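Commentary on secondary and tertiary structure
Residues per chain are reported as follows:
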Amino acid sequence: MSETPRKILVTSALPYVNGSPHMGHLVEYIQTDIWVRFQKLLGNDCIYVCASDAHGTPIMLKAREQGITPEELTAGYSKEFKNDFADFNIEFDNFHTTHSPENEALVAGMFERLRETGDIYTRTIEQSYDEKEGMFLPDRFVKGTCPRCKSEDQYGDACEVCGATYSPEDLIDPVSVLSGTTPVKRESEHYFFRLSEYEDRLRDWMSHAALDKNVVAKLDEWFQAGLQDWDISRDAPYFGFRIPGTENKYFYVWLDAPVGYMASFKHLCDRTDGLEFDDYWDPDSDAEVFHFIGKDIMYFHTLFWPAVLKGSGYRQPTSVYAHGFLTVNGQKMSKSRGTFIKARTYLDNLHPAALRYYYAAKLGPTIEDIDLNLEDFVARVNSDLIGKLVNIASRCAGFINKKFDGRLTDSLPDESLFAEFAAASGTIAGHYEKREYSKAMRLVMALADKANRYIDEYKPWVMAKDEASLPDVQRVCTQGLNMFRSLMIYLSPVIPTVAEDARAFLNEDAWRWDDASEPLLGSTLQKFKPLLTRIEADQVQRMVEQSRETAPVAKEETQDDTISIDDFMKVDMRIAKIEKAEPVEGADKLLALTLDVGDSQRQVFAGIKAAYAPDALVGRHVIVVANLAPRKMRFGVSEGMVLAAGPGGEDIFLLSPDDGAKPGMRVK
RNA sequence: GGUGAUGUAGCUCAGAUGGUCAGAGCGGCGGACUCAUAACCCGCAGGUCGGUGGUUCAAUUCCACCCAUCACCA
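Rules used in this analysis
- Counting starts from 1 at the beginning of each chain's written sequence and moves along it residue by residue.
- Lettering for chains starts from A, numbering for ligands starts from 1, and both go in the order in which the items are written.
- Under the rules for a predicted model, residues below a pLDDT of 70 receive no local features and side-chain atom pairs below 80 are neither given nor counted, while totals for whole chains, interfaces and linings still include all residues.
- Derived side-chain values reflect all non-hydrogen atoms in the structure, with water molecules and hydrogen atoms excluded from consideration.
- Numbering of helices and strands runs from the N terminus; a helix is a DSSP stretch of H or I covering at least four residues, while a strand is a stretch of E covering at least two.
- The buried label goes to any residue with under 20% of its type's maximum accessible area, the exposed label to any with over 50%, and the partly exposed label to all in between, with areas taken from a 1.4 Å probe on protein chains only.
- Throughout, a residue-residue contact means that at least one pair of heavy atoms, one from each residue, lies within 4.5 Å.
- Pairing between strands is defined by DSSP: at least two bridges between them are needed.
- In this text, near means that some heavy atom of the residue lies within 4 Å of the molecule or strand in question.
- Polar contacts, as counted here, are pairs of nitrogen or oxygen atoms within 3.5 Å of one another; within protein the pair requires one atom able to donate a hydrogen and one able to accept it, and residues that are adjacent in sequence qualify only if both atoms are side-chain atoms.
- The definition of a nonpolar core used throughout is a set of buried Ala, Val, Leu, Ile, Met, Phe, Trp, Tyr and Cys residues joined through side-chain atoms within 4.5 Å.
- Here, a salt bridge means any Lys or Arg side-chain nitrogen found within 4 Å of an Asp or Glu carboxyl oxygen.
- Any helix carries an expected span of 1.5 Å times its number of residues minus one.
- For Phe, Tyr and Trp, rings pair up if their centres lie within 6.5 Å, where Trp contributes its six-membered ring, and each pair is then called stacked (planes under 30 degrees apart), edge-to-face (over 60) or tilted (otherwise).
- In our convention, an over-ring charge means Lys NZ or Arg CZ found within 6 Å of a ring centre and within 35 degrees of that ring's normal.
- Working convention: axes come from line fits to C-alpha atoms, limited for helices to the stretch in contact. Angles between N-to-C directions cover 0 to 180 degrees.
- By the definition adopted for this analysis, an angle is roughly parallel if under 35 degrees, roughly antiparallel if over 145, roughly perpendicular if from 65 to 115, and oblique otherwise.
- Gly is placed with the polar residues, together with every amino acid not listed as nonpolar (Ala, Val, Leu, Ile, Met, Phe, Trp, Tyr, Cys and Pro) or charged (Asp, Glu, Lys and Arg).
- The pLDDT value tells you how sure the predictor is about a given residue, anywhere from 0 up to 100.

Glancing now at the overall build of chain A. Each helix and strand counted, chain A has 20 helices and 26 strands in total. Across the 668 residues in chain A, those meeting the buried criterion constitute 53%. Restricting to contacts in chain A with at least 6 residues of sequence separation, those with at least 24 account for 73%.

Spelled out as structure tokens, the structure:
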């Protein structure tokens, strides 16, 4: 590594500080921290910044609910995040907040530039409005009864019980969460960003951003659908930055959040000699900028963000690295199952290195979800970290310290074996660089197996019984400890504190990546202390118990496959007459049907294009599920489902009533 | 519904331009050892590679459809 160090700026997504950090958050910060530590170990100039995402309606309202200011609320959670991150050995160079003067200045500046270039315009839109509170309501702040499953107290965008998605006006008896009154529709002028004009520039960015193929696939999908302009303003009251030149308009939180990356970096520059903001953010900067994010916020980071940066005269990200979500025991995290585990609850029971290693052992560069299987977690960490890795040092240290005053020999008995460990350096570094952590971990553990086999082959405990072969004991253990040392250096980005302790035991000052390829000889060791202890199953058990919020309510689930007549009657099936049928542009299988259901007309999308010609359908009577929750699709809203049988494709057969049935009649 | 991803041994995951590509680790079983945090070492374990069709001399690997899970639909 003799070339000039790379200048790299790395970010993790800014945590939204309206709650405590949990195991899901940690996937991203651990993934990023490993990468940053690896770069630093190589000798690169790598800077890792983050910040609290502190704006938006949820924070404003939660603060109001608790009777404190948003600043107080976010300061509290920010502190939690900072402390928990620190205790998980996640080492930021700076952790700031989006509610900062640096961010406000940057956002205002970017907005000005975008306005000058004509990328900002205004348009009047209609939204739910709470007259009593005097504010517009995001979907999440309208609640009501789910139109599909009739569960009460559901949000305006989706039902948590049955999973239906809809818009606030579809709710039965919609009420404002804030005042309990019925929301009305009201118009307001909003600011828009002309994302639609950016396709070419974004494609250009994509072509050299080295994005993961899954990310590219997603981008292509969005391009195909056509980019829509982006509403970047919100009406007062709102917790955020006021749009310059307006009285009561604020920047939408998602506009200022990514700017928070720059603001945090700016904040660091202002306090650091020789670190220049422009060196990293000028359009012709030779520094690299990487954003680590979750797959759910790709839209913001691969479309809006590069477009806004381009439009306002800054450089764009070198790449955006998206990861998947965390499941626990194969399922979404759940408070009732005790698998919604807060970072702090974990730390109260277990060592951070265990989780860092487990995540590393499962992480790759793709957007696939990773599973924290708690049984596997215990087995894997104990077996790999303690049984294999730490054991190497543990079984050699005793001989060296007791028989040889802690002295290592001046040469290795098996240099070619050590050379294998040294040679792995490049491969492992390549894996880290490409975020193929699981491959790196596998390779390291395969080498650990090899080290244990070596010790087993020479059996120092047997040789130690014979004075004559005592020197061989020292040599074999020196070999063993050197293999251990190289592996610890390779793992130090993953388990930094354990590596620190190992380094102290080996009596060395500091490690660089390349040290792993050179043996440590002739020096004296410190006393050996256990570097890590085994995880006991009851530690995990306790953590789960502490995470279980309420006694699980035993849901009465029907054991067999039958349903009651009541269940059946929930399905409101009606006779409908097809008034109109036409193909849907952009959909291979869909036909858009306009149905007469007696008292009204409705539009339904049906996947029957391959089986029926549109003209042949007009005038036909069919059966439609009338109380299915309306479903918002790319092509419009579908307000029901037409019944048909068959495996699909051309083999689909619509159900029809006998002559005499009239539109609107109920099927029962 | 559309789009994308995923579905391989009990568990967690590798893998191939289609033909020694059916694998690793853990668990399990048997054996050996006692230096080591009951760690380590040796051996064994037979999963129709989600399902159904198709292409092919040959498919788990290609295609179509279906099912399940996850995500996005701004």
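Moving on to the sheet that holds strand β10 (residues 230-231). Taking strand neighbours across the sheet as the criterion, the four strands line up as β5-β4-β9-β10 in an open arrangement whose pairing is antiparallel. The open sheet has two edge strands, β5 (135-136) and β10, and neither has a second partner. Across ten bridges, the pairing between strand β4 (residues 120-130) and strand β9 (residues 184-193) is antiparallel. Paired with E126 across the bridge in β9 is E187.

This next bit is on the protein's contact with RNA strand B. By nearness alone, 48 residues border RNA strand B, and E221, Y299, K362, R395 and L532 come closest of all. In the interface set of RNA strand B, defined as its atoms within 4 Å of the protein, sugar plus phosphate atoms amount to 74%. A distance of 3.5 Å separates a sugar or linking oxygen of RNA strand B from a polar side-chain atom of D376. D456 is positioned such that a nitrogen or oxygen atom in its side chain is 3.2 Å from a sugar or linking oxygen of RNA strand B. Looking at the surface near RNA strand B, the elements with two or more residues in it are α6 (213-225), α12 (374-404), α14 (437-458) and β21 (631-633).

The next point concerns the nonpolar core. The biggest cluster of nonpolar side chains holds 187 residues, and the ones touching the most others in it are W281, Y346, Y359, F377 and M488. Residues within four places of Y346 in sequence aside, it is in contact with M23, F88, I341, H351, P352, A354, L355, F377 and M543. Counting 16 residues, the second largest nonpolar core, distinct from the first, contains A581, L595, L617 and V624.

Here the focus is the pattern of salt bridges. Using the criterion set out here, one finds 29 salt bridges in the structure. The partner of E91 in a salt bridge is R37, with the nearest N and O atoms 3.9 Å apart. Within this pair, whereas E91 is found in the loop between α3 (70-87) and β3 (94-97), its partner R37 is found in helix α1 (residues 23-42), the two being separated by 54 residues in sequence. By relative accessible area, R37 is classed as buried at 18%. Note that E199 and R203 form a salt bridge whose closest N and O atoms lie 3.0 Å from each other.

Taking 1.5 Å per residue, 22 residues should reach 32 Å; helix α16 (residues 470-491) reaches 32 Å between its end C-alpha atoms and fits that length. Across the 22 residues that make up α16, a large majority, 19, are buried.

Under the criterion given, the structure shown has 39 aromatic pairs. Aromatic pair Y48 and F92: ring centres 4.7 Å apart, planes at 55°, arrangement tilted. Taken together, the positions of Y48 in strand β2 (residues 45-52) and F92 in the loop between α3 and β3 put the pair 44 residues apart, joining distant regions of the chain. Across the pair, F92 and Y48 agree in class, each one buried. Following the ring pairs from residue to residue traces out a cluster consisting of W222, W230, Y252, W254, Y299, F300 and F304. Between the NZ or CZ atom of K7 and the centre of the ring of Y280, over which it lies, the distance is 5.3 Å. K295 extends its terminal NZ or CZ atom over the ring of F325, reaching a point 5.4 Å from the ring centre.

It is worth spelling out the packing of helix α11 (residues 352-362) against α12 at this point. Running from amino to carboxyl end, α11 crosses α12 at an angle of 95°, the nearest separation of the two axes being 10 Å. One finds that α11 runs roughly perpendicular with respect to α12. Note on element contacts: α12 touches α11 through D376, F377, R380, V381, D384 and L385, opposite A353, A354, L355, Y357, Y358, A361 and K362. Class assignment for the residues of the contact of α11 with α12 results in nine nonpolar, no polar and four charged.

What follows concerns the sheet that holds strand β1 (residues 7-12). Spatially, five strands are ordered β3-β2-β1-β13-β14 in an open sheet, and the strand pairing comes out parallel. Edge strands, defined here as strands with exactly one partner in the open sheet, are β3 and β14 (319-323). For this sheet the average axis-to-axis angle between neighbouring strands, irrespective of direction, equals 25°. As defined by bridge partners, β1 adjoins β2 across five bridges and the pair is classed as parallel. The residue bridging T11 from the neighbouring strand is V49, located in β2. Sheet contacts for helix α9 (residues 298-311): β13 (288-294) and β14; angle to β13, the most-contacted strand, approximately 145°.

Moving on, we come to the side chain of S285. Summarising the element assignment, S285 is placed in the loop between α8 (277-281) and β13. There is a polar contact of 3.0 Å between the side chain of S285 and the backbone nitrogen of A287. Ignoring sequence-local partners within four residues, the contact set of S285 consists of D279, Y280 and R315.

Here we come to the pairing of β4. As defined by bridge partners, β4 adjoins β5 across two bridges and the pair is classed as antiparallel. Counterpart to Y129 in the pairing with β5 is F136. Hairpin connection between β4 and β5: a loop of four residues separates the two successive antiparallel strands, and G134 in this loop has a positive phi of roughly 70°.

What follows concerns the packing of α14 against α16. For the pair α14 and α16, the least separation of the axes is 10 Å and the interaxial angle reads 170°. On the basis of their axis angle, the class for α14 and α16 is roughly antiparallel. Residue-level inspection shows M441, V444, M445, L447, A448, A451, Y454, I455 and Y458 of α14 in contact with α16, the latter providing V476, Q479, G480, M483, L487, Y490 and L491. Residues of the contact of α14 with α16, tallied by class, amount to 14 nonpolar, two polar and no charged.

Confidence along chain A averages 86 in pLDDT terms, with 88% of residues attaining 70 or more. The model gives residues 551-564 a pLDDT under 50, and that stretch makes two contacts with residues more than four places away or in other chains. At the level of chain-chain contacts, confidence expressed as ipTM amounts to 0.91, with global pTM at 0.82.

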